[in-house]
Amino acid sequence: MAVNNFLPEQYRKTNQLGINHNYLTQQFSDHEEIWKKIREVVVRGDFTLGAEVDELEKEYSVFAGAKNAIGVGSGTDALFLSLKAIGVEKGDEVITTPFTFYATIGAIVTAGAKPVFCDAGWDYNIDASQIESKITSATKAIMPVHWSGKPCDMDLIEALGKKYKIPVISDACHAINAKYKGRSSGNLGTISCFSFHPLKNLNVWGDGGIITTNDDDLADRLRLLRNHGLVGRDECRIFAYNSRLDTVQAVVARHLLSKIDHITQSRIGNAHYFDENLKKINQVKIPRREQDITQVFHIYSIMCEKRDELQAFLIKNGVDAKAHYPVPMHLQPAAHFLNHKHGDFPITESISAKTLSLPVHEFITREQQDYVIELIKGFYA
Ligand SMILES: *Cc1c(COP(=O)(O)O)cnc(C)c1O
């Protein structure tokens with residue numbers, strides 16, 4: 001089968017829905033301020049790791065509470081380069097969850113390692129109590145995914161990392177500004193990886209990502225890996241990659257970093273409003289919320305009976321209801337070589353069959369939320 005770019009058609013379709021996950025036109029209604037800064041970049045001509053990248057990295061490391069922040073080409077590259085930075089090679093194993101976005105597993109496999117899956121719990125995150133049983137002499141990293149912006153059980157995961165001397169690399173692509181027991185998501189485990197994809201909570205005008213770590217040696221290695229291994233124009237220390245955060249995207253990222261608290265609080269407020277209203281519906285199950293965790297709701301997901309029918313009903317009524325994601329990683333065609341089958345990760349499979357995501361971004365109004373709530377109530381009535 002030919003592989004075509006399916007995204008233009010996907011944008012066209014979802015843009016027709018009134019209540020949408022895609023809010024980018026509103027997000028950048030003040031784009032004149034951004035153009036002004038970009039014009040300055042064009043005049044200076046520092047497109048490649050220019051001054052704006054340095055400024056963003058300084059701001060981001062303060063914001064994320066980590067000593068180092070390294071801008072890279074995407075969230076996927078953040079994960080891949082982090083695995084390379086800790087020395088992952090062919091034959092190594094990385095423990096992670098099958099309930100994630102493709103990029104987590106893609107990064108592990110393209111780095112040469114084998115993904116070793118550990119089932120999720122009912123909160124959608126990796127069930128940390130099962131990780132220890134998966135550790136072998138080949139385990140090179142543990143890669144928890146802070147799904148929907150809820151940090152995983154990091155006390156337990158960090159303790160395992162220490163006990164077995166295995167680095168913990170977080171896929172924090174959903175978790176910008178999330179907190180775990182007062183600690184920032186950029187300051188958990190060994191390395192945290194963030195995405196600036198256009199539909200993430202801090203979004204740029206294309207692709208981008210950033211890595212945080214308190215380990216200065218790893219930070220140096222990451223700076224080499226993203227930029228051809230160069231320490232200067234004429235000295236290459238290791239042959240490496242080109243995955244630099246684009247200077248133009250750094251301008252956009254800085255603009256939104258200044259608004260991230262508003263973005264985060266709006267999402268949390270909208271999620272709580274849905275929680276309060278949807279928990280009254282018997283056929284809907286809200287994942288557990290934790291007192292000492294700030295979940296930032298990159299996506300707002302609930303578990304629903306008759307998910308597919310409800311999703312179709314909501315779409316028919318103008319609501320961009322999505323399933324993130326209906327087929328877990330171990331059952332994807334790409335995972336055939338791992339020889340998994342249905343039933344291997346029962347909680348993951350059950351969540352995949354029931355999960356439904358509703359838009360909760362900062363431009364959704366209470367009236368729109370009420371409309372969605374009434375639709376769901378009506379569907380089950
Ligand atoms: C978006 C995402 C990524 C990849 O980020 P990109 O910037 O799109 O490469 C990785 N992991 C998770 C969980 C994501 O949602």
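Each chain carries its own residue numbering, running from 1 in the written order of its sequence. Local features in this predicted model are restricted to residues of pLDDT 70 or higher, and side-chain atom pairs are both shown and tallied only at a pLDDT of 80 or more, whereas totals for entire chains, interfaces and linings draw on every residue. Where side-chain values are given, they derive from all heavy atoms of the structure, hydrogens and water being excluded.

Draft legend 1. How the structure looks around the pattern of salt bridges. For this analysis, a salt bridge means a side-chain nitrogen from Lys or Arg found within 4 Å of a carboxyl oxygen belonging to Asp or Glu. With the rule as written, the count across this model stands at 25 salt bridges. Across the salt bridge formed by E290 and R288, the nearest N and O atoms sit 3.1 Å from each other. The class for R288 is exposed, based on a relative accessible area of 54%. Taken together, the shared-partner salt bridges connect D123, K150, R288 and E290 into one network. Type-normalised accessible area, obtained with a 1.4 Å probe on protein chains alone, sets the label of each residue: buried when under 20%, exposed when over 50%, and partly exposed for intermediate values.

Draft legend 2. Representation of the packing of aromatic side chains in the model. A pair of aromatic rings is counted whenever rings of Phe, Tyr or Trp (Trp by its six-membered ring) have centres within 6.5 Å, and the orientation is called stacked for planes under 30 degrees apart, edge-to-face for over 60 and tilted otherwise. All chains considered together, the criterion is met by 17 aromatic pairs. Taken together, a centroid distance of 5.7 Å and an interplanar angle of 45° make the contact between F101 and Y325 tilted. Linking F101 in the loop between strand 2 (93-96) and helix 6 (102-110) with Y325 in the loop between helix 11 (307-316) and helix 12 (346-354), this pair joins segments that are 224 residues apart in sequence. Ring centres 6.0 Å apart and planes at 80° place the aromatic pair F117 and F345 in the edge-to-face group. Residue F117 is located in strand 3 (residues 114-117), and its partner F345 is located in the loop between helix 11 and helix 12; the two are separated by 228 residues in the primary sequence. Under the relative-accessibility criterion, F117 is labelled buried at 3%. With relative accessibility at 5%, the residue F345 sits in the buried group. Taken together, the aromatic side chains of F99, F101, Y102, Y124, W147 and Y325 make up a single cluster linked through ring pairs. Geometrically, a lysine NZ or arginine CZ counts as sitting over a ring once it is within 6 Å of the ring centre and also within 35 degrees of the ring normal. In this arrangement the basic side chain of K200 is found over the ring face of F101, its NZ or CZ atom lying 6.0 Å from the centre. R366 extends its terminal NZ or CZ atom over the ring of Y273, reaching a point 4.3 Å from the ring centre. We count a stretch as a helix when DSSP gives it H or I for four or more residues in a row; a strand needs E for two or more, and each element gets its number in order from the N terminus.

Draft legend 3. Molecular detail of the site of the ligand. Being near a molecule or strand, for a residue, means having at least one of its heavy atoms within 4 Å of it. In the vicinity of the ligand there are 15 residues, among which T76, D171, H174, S195 and K200 approach most closely. Pairs of N or O atoms are called polar contacts if they sit within 3.5 Å, as long as, within protein, a hydrogen donor faces a hydrogen acceptor (for residues adjacent in sequence, only side-chain-to-side-chain pairs). One of the backbone nitrogen or oxygen atoms of G75 is found 2.7 Å away from an oxygen atom of the ligand. Within the side chain of K200, one N or O atom sits 3.1 Å away from an oxygen atom of the ligand. Computed with the Shrake-Rupley method and a 1.4 Å probe, the accessible areas treat only the protein chains shown as cover for residues. Look at the ligand: alone it shows 380 Å² of surface, and the protein chains cover 92% of it. Listing elements by their share of the shell around the ligand, those giving two or more residues are helix 5 (75-85) and helix 6. By the convention adopted, Pro, Cys, Tyr, Trp, Phe, Met, Ile, Leu, Val and Ala count as nonpolar, Lys, Arg, Asp and Glu as charged, and the other residues, Gly among them, as polar. Among the residues forming the shell around the ligand, the class breakdown is 4 nonpolar, 9 polar and 2 charged.

Draft legend 4. Main features of helix 12. Among the residues making up helix 12, those that are buried are T348, E349, S350, I351 and S352. What makes two residues a contact is simply this: any of their non-hydrogen atoms within 4.5 Å. Buried positions along helix 12 lie against strand 14 (300-304), helix 11 and strand 15 (355-358).

By themselves these figures say nothing about function.
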